Amino acid sequence: TITNAYITPEVENLIDFLRSMGSQIDVFGNSLIKVHGKKYLRGSIFKVMPDRIEALTWLVYGAVSGGTITIKDVPFGAMQIPLIHLKNAGIDFYQNESNIYIAPECLKNGSVQPFELSCGTYPGVISDMQPFFTILGLHAKGISRIYDYRYPERTQYCGELEKIYNNSIQFETGKITTFGDVKPHGAIVNSTDLRGSMALILGALLAEGKSEIKNAEMALRGYNDLIKKLEQLGVKISIQ
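How each quantity is defined
- Residues numbered from 1 in each chain as written.
- Predicted model: local features only at pLDDT ≥ 70, side-chain atom pairs only at ≥ 80, totals over all residues.
- Heavy atoms only, no water.
- Salt bridge = Lys/Arg side-chain N within 4 Å of Asp/Glu carboxyl O.
- Helix = DSSP H or I, 4+ residues; strand = E, 2+ residues; numbered from the N terminus.
- Buried < 20%, exposed > 50% of the residue type's maximum accessible area, 1.4 Å probe, protein only.
- 1 Å grid on protein atoms, 1.4 Å probe; cavity = no way out; pocket = protein on both sides within 12 Å on 5 of 7 lines; lining within 4 Å.
- Points joined across faces, edges and corners; volume = space filled by probe spheres on them.
- Nonpolar A, V, L, I, M, F, W, Y, C, P; charged D, E, K, R; others polar.
- Pairing = 2+ DSSP bridges.

### Some words on the pattern of salt bridges
Close approach of charged atoms allows side chains of opposite charge to pair.
Link 1 in the chain: Enumeration according to the criterion identifies 7 salt bridges in this entry.
Link 2 in the chain: With a closest N to O distance of 2.6 Å, Lys 229 and Glu 54 form a salt bridge. Linking Lys 229 in helix α8 (residues 226–232) with Glu 54 in helix α2 (residues 52–65), this pair joins segments that are 175 residues apart in sequence.
Link 3 in the chain: Of the residues examined, Glu 54 reaches a relative accessible area of 11% and is grouped as buried.

Pasting the structure below:
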């Protein structure tokens, strides 16, 4: 019996996989799981759900870079509220049942609009998505605020990100304020965590001049074939 469980779409996907192998797993509400042990499990063919945080990463990058990107296999059912926040920030992307297409004309009034949001549990904006909304706020026309009282100390990356964004971030426990519409410039920064590391990479890609991200293996660990995907976007990265 697993009590006080945080049942995310990824956990639900894992449970579905184990059930397809013959496991008996009962879920009660969104915080209680009971697993009935079995001696044998059978083989299974199963499709793992796409990464919702990676989908958001490329969505934000496409919006603020002014580029044209198609993000395939977007798990729409697992990220409805984050997508609503993007829409509210003036990003009017195109979508079909599985993909999102984003281009410069997707920005209403030609720019990202300032916003406020709070991070929390699924189905809302989770803390792992926070760094990418911070990047979004840094490119908005005005002041944006992001609150996170679930993991209030997850702001270390902001101290590194402000080196790229000319000190346009104020952060304290549970709150990040961005002063947008500032041109980022190249800097030497240090990765602090997986998603923060990827935010630093995005900031460096958007900046004028040369940047160096130390300990970037955190992002490489969290994003499958990251270098290949960046190369498909025309980005050349030197790894040392």
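And the narrative resumes.
### Focus on the layout of surface pockets
Link 1 in the chain: Roughly 650 Å³ of internal volume is contained in the largest pocket.
Link 2 in the chain: Lining the largest pocket are 23 residues; nearest its centre among them are Ser 211, Glu 212, Ile 213, Ile 237 and Ser 238.
Link 3 in the chain: Here the residues of the lining of the largest pocket are counted per class, giving 13 nonpolar, 5 polar and 5 charged.
Link 4 in the chain: There is about 450 Å³ of room inside the second largest pocket.
Link 5 in the chain: Residue assignment for the lining of the second largest pocket shows that the elements contributing at least two residues are α2, β3 (69–71) and α8.

### Side note on the sheet that holds strand β4 (residues 94–95)
Link 1 in the chain: Strands sit in the order β3-β5-β4 across an open sheet of 3 strands; the sheet is antiparallel. Bordering the open sheet on either side are β3 and β4, each of which pairs with just one other strand.
Link 2 in the chain: When β3 meets strand β5 (residues 100–102), the two strands line up antiparallel, connected through 3 bridges. Of the residues in β5, the one forming a bridge with Thr 70 is Tyr 101.

Keep in mind that these numbers describe shape and distance, not what the molecule does.
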